[in-house]
Amino acid sequence: MEALTSAPVLARFGYAVSDPTRARILLALADAPSYPSDLAESLGVSRQNMSNHLSCLRGCGLVVAVPDGRRTRYELADPRLGHAIGDLLGVVLAVDPACCAPDGTCLP
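1. A look at the pattern of salt bridges
Right, on to step 1. Under the defined criterion, the tally for this structure stands at four salt bridges.
Right, on to step 2. A salt bridge links Asp68 to Arg73; its shortest N-O distance comes to 3.7 Å.
Right, on to step 3. A relative accessible area of 32% means that Asp68 is categorised as partly exposed.
Right, on to step 4. Arg73 is paired through a salt bridge with Glu75; the nearest N and O atoms lie 3.6 Å apart.
Right, on to step 5. Taken together, the salt bridges that share partners define one network made up of Asp68, Arg73 and Glu75.

Written as structure tokens, this is what we have:
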């Protein structure tokens with residue numbers, strides 16, 4: 001494992017939330033830890049898709065897998081991530097529609 005700080009942390013976080021499903025997973029885990037099957041059901045994705053996204057988030061260092069008997073529970077790797085997500089949700093952006101598409105991608 002490698003410890004990251006500053007800009008690399010922001011880059012990982014940005015990559016994680018660039019996918020709508022991963023962003024929704026982080027929002028759900030900011031509310032409470034959860035099991036993959038419960039997350040898949042509540043977000044309306046397949047278990048395989050959920051597993052792939054959780055693996056990505058785990059690799060980025062944003063979530064951790066916690067053994068819970070025969071199951072594995074997922075939670076945010078650092079409680080400050082939950083606060084950061086909450087703070088970001090309160091941000092209001094003034095965007096130039098000529099530069100950014102509705103999905104957030106930059107236009108050429």
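2. Let's talk about the nonpolar core
Right, on to step 1. Formed by 19 residues in total, the largest nonpolar core has its most connected members in Ile25, Leu26, Leu29, Met50, Leu57, Leu62 and Val63.
Right, on to step 2. Within the residue set of this core, elements represented by two or more residues are helix H1 (7–17), helix H2 (20–31), helix H3 (36–43), helix H4 (47–59), strand S2 (71–76) and helix H5 (79–89).
Right, on to step 3. Excluding anything up to four places from it in sequence, Met50 contacts Ile25, Pro36, Leu39, Ala40, Leu43 and Val45.

3. Some remarks on a nonpolar patch on the surface
Right, on to step 1. Taken together, Leu88, Val91, Leu93 and Val95 make up a surface patch of nonpolar side chains, about 410 Å² in accessible area.
Right, on to step 2. Here Leu88 is to be found in helix H5.

4. Points about the environment of Arg22
Right, on to step 1. Mapped onto the fold, Arg22 is located in helix H2.
Right, on to step 2. Through-space distance from the C-alpha of Arg22 to that of Cys56 is 8.6 Å; in sequence the pair is 34 residues apart.

5. Some remarks on H2
Right, on to step 1. Between its terminal C-alpha atoms H2 stretches 17 Å, which fits the 16 Å expected from twelve residues at 1.5 Å a residue.
Right, on to step 2. Buried residues of H2: Thr21, Arg22, Ala23, Ile25, Leu26 and Leu29, and no others.
Right, on to step 3. Where H2 is buried, its residues touch H1, H3, H4, strand S1 (63–68), S2 and H5.
Right, on to step 4. The opening residue of H2, the one whose side-chain oxygen lies 2.9 Å from the backbone nitrogen of Thr21, is Asp19.

Here is what the cut-offs are and how they apply
- Residues numbered from 1 in each chain as written.
- Predicted model: local features only at pLDDT ≥ 70, side-chain atom pairs only at ≥ 80, totals over all residues.
- Heavy atoms only, no water.
- Salt bridge = Lys/Arg side-chain N within 4 Å of Asp/Glu carboxyl O.
- Buried < 20%, exposed > 50% of the residue type's maximum accessible area, 1.4 Å probe, protein only.
- Core = buried A, V, L, I, M, F, W, Y, C linked by side-chain atoms within 4.5 Å.
- Helix = DSSP H or I, 4+ residues; strand = E, 2+ residues; numbered from the N terminus.
- Contact = heavy atoms within 4.5 Å.
- Patch = residues over 30% accessible without salt bridge, like charges linked within 9 Å, V, L, I, M, F, W, Y side chains within 5 Å.
- Areas by Shrake-Rupley, 256 points an atom, 1.4 Å probe, with all protein chains shown as cover.
- Expected span 1.5 Å × (residues − 1).
- Polar contact = N/O pair within 3.5 Å; in protein donor to acceptor, adjacent residues only side chain to side chain.

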